[in-house]
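# Breakdown of the fold
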Amino acid sequence: MGRQVLVVGGHGGIGRALVEMLRHDTTIDAVHATWHHREPEPLDGVTWRRVDVTDEASIQSLAEEITTLDWLINAVGWLHGDGAGPEKHSREVNREHFLRAMEINALPSLLLAKHFRRQLKRSNAGVFATVSARLGSIGENALGGWYSYRASKAALNMALRTLAVEWRRELPSATVAALHPGTTNTPLSRPFQARVPADQLFSPERTAGYLLAVIAGLTPAVSGRFWSFDGEELPW
Ligand SMILES: NC(=O)c1ccc[n+]([C@@H]2O[C@H](COP(=O)([O-])OP(=O)(O)OC[C@H]3O[C@@H](n4cnc5c(N)ncnc54)[C@H](OP(=O)(O)O)[C@@H]3O)[C@@H](O)[C@H]2O)c1
């Protein structure tokens, strides 16, 4: 039997490209995907459901409907919107912006892990992967700025690492991963693309191909690590 896959945030820039690639993959039996604000057109081979990842009840009902699963990929994220953007200076930090970044970028992966643990435990090669960001690496932070986004991705990375420690004992067939997609041409990065060299700005399709190649190479022996799109391991 082929794999059952769920892409949370499957109607975002990177998420949608992942869904497209997965639905054409003949080793995959079922593609489940979630949307939030913008309802997608029906797509052959894809079951869509509306989910707000800041609402635990919404995640819980998703997990009640999807009873078998091998790969869960969380491609949800938030950087700017509603007048808020990444802070250049600590003077610009405000509580609402910081907490919003945390509630969309950091906490949902833990809630997804909580509610999909049972399904991934039954898989013989479960993968729990979240699209993080290199900006969340504490070790690599030499540029500063972007406080809320960086802090939320660092918190996400710690949550994933901690989950990997727990699941090493309890779900020994599963692999947990944090993924850096590279700068990708999506609404999230659009206001910040001006200084990105053209060859370093990926299409969502290119990024999806890279990320799925990284995921396909994962094994439980390397659970709890942070991977760049090119397969390089990143420092926390
Ligand atoms: N693009 C880049 O250059 C880049 C670089 C590094 C890391 N990343 C990471 O890659 C991931 C995907 O980002 P992207 O570039 O594809 O951005 P995107 O096109 O803006 O997609 C983000 C998705 O998250 C969804 N989302 C936001 N809040 C949600 C909520 N409360 N519940 C459910 N879904 C929600 C959005 O849906 P709605 O719009 O409908 O709310 C959207 O579909 C993010 O984690 C981002 O941090 C991106």
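Refer to the structure presented above.
Below you will find a few notes about this structure.

Thresholds applied
Residues numbered from 1 in each chain as written. Predicted model: local features only at pLDDT ≥ 70, side-chain atom pairs only at ≥ 80, totals over all residues. Heavy atoms only, no water. Helix = DSSP H or I, 4+ residues; strand = E, 2+ residues; numbered from the N terminus. Buried < 20%, exposed > 50% of the residue type's maximum accessible area, 1.4 Å probe, protein only. Contact = heavy atoms within 4.5 Å. Areas by Shrake-Rupley, 256 points an atom, 1.4 Å probe, with all protein chains shown as cover. Lys, Arg positive; Asp, Glu negative; His and termini not counted. Charge placed at Lys NZ, Arg CZ, Asp CG, Glu CD. Phe/Tyr/Trp six-rings, centres within 6.5 Å; stacked < 30°, edge-to-face > 60°. Lys NZ or Arg CZ within 6 Å of the ring centre and 35° of its normal. Axes fitted to C-alpha atoms, helices over the stretch in contact; angles between N-to-C directions. Parallel < 35°, antiparallel > 145°, perpendicular 65-115°, else oblique. Left-handed = near helix turned anticlockwise from the far one by under 90°.

## Some remarks on the overall build of the protein
Helix and strand counts for the protein stand at five helices and seven strands. Going residue by residue from the N terminus, the α and β elements of the protein occur as β-α-β-β-α-β-α-β-α-β-α-β. Seen through its principal axes, the protein has C-alpha atoms that stretch 50 × 40 × 35 Å. A burial count over the protein gives 49% of its 236 residues as buried. Relative to all contacts within the protein whose residues are 6 or more apart in sequence, the contacts with residues 24 or more apart total 67%. Accessible surface, the protein: about 11,500 Å² in total, of which carbon and sulfur atoms supply 52%. Taking the 25 positively charged and 25 negatively charged side chains of the protein as two groups, their mean positions are separated by 4 Å.

## Thoughts on the packing of aromatic side chains
For any two aromatic rings, the description comes down to two numbers: the centre-to-centre distance and the angle of the planes. Evaluated as defined, the whole model comprises seven aromatic pairs. Each ring, one from Trp-146 and one from Tyr-149, has its centre 6.2 Å from the other, and the planes form 70 degrees; the classification is edge-to-face. Looking at Trp-146, the relative accessible area reads 22%, which means it is partly exposed. Tyr-149 sits in the buried class, given a relative accessible area of 9%. Among the aromatic residues, those joined into a cluster by ring pairs are Trp-146, Tyr-149 and Phe-192. Taking NZ or CZ as reference, Arg-50 lies 5.8 Å from the ring centre of Trp-35, over its face.

## Some remarks on the packing of helix α3 (residues 95–122) against helix α4 (residues 147–170)
Two numbers describe how α3 lies on α4: the axes approach to 8 Å, and their chain directions differ by 15 degrees. Judged on the interaxial angle alone, α4 and α3 are roughly parallel. In this structure, α3 meets α4 at a crossing whose hand is right-handed. In contact with His-97, Phe-98, Ala-101, Met-102, Asn-105, Ala-106, Ser-109, Leu-110, Ala-113, Arg-117, Leu-120 and Lys-121 of α3, α4 contributes Ser-148, Tyr-149, Ala-151, Ser-152, Lys-153, Ala-155, Leu-156, Ala-159, Leu-160, Leu-163, Trp-167 and Glu-170.

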